[in-house]
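Here is how the chains run, residue by residue.
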Amino acid sequence: MKKTPTKKLIIANWKMNPGTLKEAVNLFGAIKNLGKTLGHKGIEIVVCPPFPFIGALTDKVGGKVFLGAQDLFFEKEGAFTGEVSASQLASAKASYVIVGHSERRRMGETSDLVAKKVAAALTKKIMPIVCVGEKERDTEGAFFHVLHDELLTSLQHVAKKDIAKVVIAYEPVWAISTQGKGAMAPNDIAETIIYLKKVLADKYGKASAKTKILYGGSVDPFDAPEIFKAAGVDGALIGKASLSAAKLEKIFKAV
Ligand code: PGA
């Protein structure tokens, strides 16, 4: 029997952009139209806007385009000023949430905290997109230990039955927002993603075969075709380029 290829997952991480609700609604509409005109079924698109815009986009979810958030808090409800819960996100139809992005880890978020957020998301059937990535690459390969530790500590509360409900985003910190210098070399991406898949398989066994691992870090229309060809890449987490419908169109075509 012919094996159906799994869908590539494209996450648009808008970060603290765009500046207004109107721009957010327009950009979401443009991305949704791109989703409609894509003739094939091999792609799923998740848009992660800033919190204030999520509610306004709730009714616009559909087709190949889903909503995600850029963070959440692990407590269920209560006196946690400025925080947002998994159930609040679920009620606004966010079906994904980014956790442990390096820009949040830089502000003090630890893998133990990320782990609690992952568990909270799963209780509301929201797919956590868990970001891991080394700050720098050394020739001795110490970065593999960094990745091993970050990945397994962030997933410490995830049971075998849930491992396929988690998405991993491998984002080498040094390759994010490189201002046009480009993404990591496709061979290195493939090597690292295969390593991460092995770490998951060692801990979770066959259950992890369906866990998607994405690449993130300066993905743009030029690099995208080679990145998607790299072994083991199940999709991409895209920052800057996801604010342009024209760039996203080229990236979708590369899939
Ligand atoms: P970038 O961001 O594509 O702008 O490098 C990726 C990310 O931080 O998720």
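### Concerning the environment of V132
As for its placement among the helices and strands, V132 is situated in strand β5 (residues 127–132). As for V132 and I168, which are separated by 36 residues in sequence, their C-alpha atoms are 7.4 Å apart. Excluding residues within four positions of it along the chain, V132 makes contact with R105, L147, E150, L151, I168, A169, Y170, E171 and L196.

### Structural notes on the nonpolar core
Among the nonpolar cores identified, the biggest contains 67 residues, and I31, L89, L155, I168, Y215 and F252 are the most heavily contacted of them. Top contributing element to this core by residue count: helix α7 (residues 186–204), with 7 residues. Look past the residues within four positions of Y215 in its chain and what remains in contact with it is Y170, P172, A175, A183, M184, I189, I193, I227, G235, A236 and L237. The next biggest cluster of nonpolar side chains, apart from the first, holds 12 residues, and it includes I11, I129, C131 and L214.

### Things to note about the pairing of strand β4 (residues 94–99)
The element β4 is extensively covered by neighbouring structure, given that 5 of its 6 residues are classed as buried. Where the polypeptide runs from strand β3 (residues 65–69) across helix α3 (residues 86–91) and back to β4, its parallel neighbour, the crossover connection is right-handed.

### Regarding the site of the ligand
The local shell around the ligand holds 13 residues, among which K15, H101, E171, S177 and S218 are the closest. With respect to the ligand, the side chain of K15 contributes an N or O atom lying 2.7 Å from an oxygen atom. Here an oxygen atom of the ligand sits 2.9 Å away from a polar atom, N or O, in the main chain of G239. In the complex, the protein chains occlude 97% of the 280 Å² of accessible area that the ligand would expose alone. When its residues are assigned to classes, the shell around the ligand shows 3 nonpolar, 6 polar and 4 charged.

### Observations concerning the pattern of salt bridges
Counted according to the given criterion, the structure contains 13 salt bridges. Between R137 and E134 there is a salt bridge, with the nearest N and O atoms lying 2.9 Å from each other. Across the pair D162 and K161 runs a salt bridge whose closest N-O atoms are separated by 3.1 Å.

### Focus on the packing of aromatic side chains
A full pass over the atoms with the stated rule returns 5 aromatic pairs. Plain terms: the ring middles of F73 and F74 are 4.6 Å apart, the flat faces sit at 40 degrees to each other, and that makes the pair tilted. Ring centres of F73 and F80 lie 5.2 Å apart, and the angle between their planes is 50 degrees; this geometry places the pair in the tilted category. Note on F73: relative accessible area 15%, which makes it buried. Put simply, the rings of F73, F74 and F80 pair up and form one aromatic cluster.

### Focus on the side chain of K8
Mapping K8 onto the fold places it in strand β1 (residues 8–13). At 2.8 Å, the side chain of K8 forms a polar contact with the backbone oxygen of V233. In this structure K8 touches G42, I43, E44, F228, V233, D234, G235 and V255, once residues within four positions along its chain are discounted.

### Overview of the environment of I213
When you line up the elements, I213 lands in strand β7 (residues 213–216). Since its relative accessible area comes to 0%, I213 is described here as buried. Separated by 21 residues in sequence, I213 and D234 place their C-alpha atoms 5.4 Å apart. Ignoring any residue separated from it by four or fewer positions in sequence, one finds I213 in contact with I168, I193, L196, K197, L200, G232, V233, D234 and G235.

About the criteria used
- Residues numbered from 1 in each chain as written.
- Predicted model: local features only at pLDDT ≥ 70, side-chain atom pairs only at ≥ 80, totals over all residues.
- Heavy atoms only, no water.
- Helix = DSSP H or I, 4+ residues; strand = E, 2+ residues; numbered from the N terminus.
- Contact = heavy atoms within 4.5 Å.
- Core = buried A, V, L, I, M, F, W, Y, C linked by side-chain atoms within 4.5 Å.
- Buried < 20%, exposed > 50% of the residue type's maximum accessible area, 1.4 Å probe, protein only.
- Right-handed = clockwise from strand over helix to strand, strands pointing away.
- Near = heavy atom within 4 Å.
- Polar contact = N/O pair within 3.5 Å; in protein donor to acceptor, adjacent residues only side chain to side chain.
- Areas by Shrake-Rupley, 256 points an atom, 1.4 Å probe, with all protein chains shown as cover.
- Nonpolar A, V, L, I, M, F, W, Y, C, P; charged D, E, K, R; others polar.
- Salt bridge = Lys/Arg side-chain N within 4 Å of Asp/Glu carboxyl O.
- Phe/Tyr/Trp six-rings, centres within 6.5 Å; stacked < 30°, edge-to-face > 60°.

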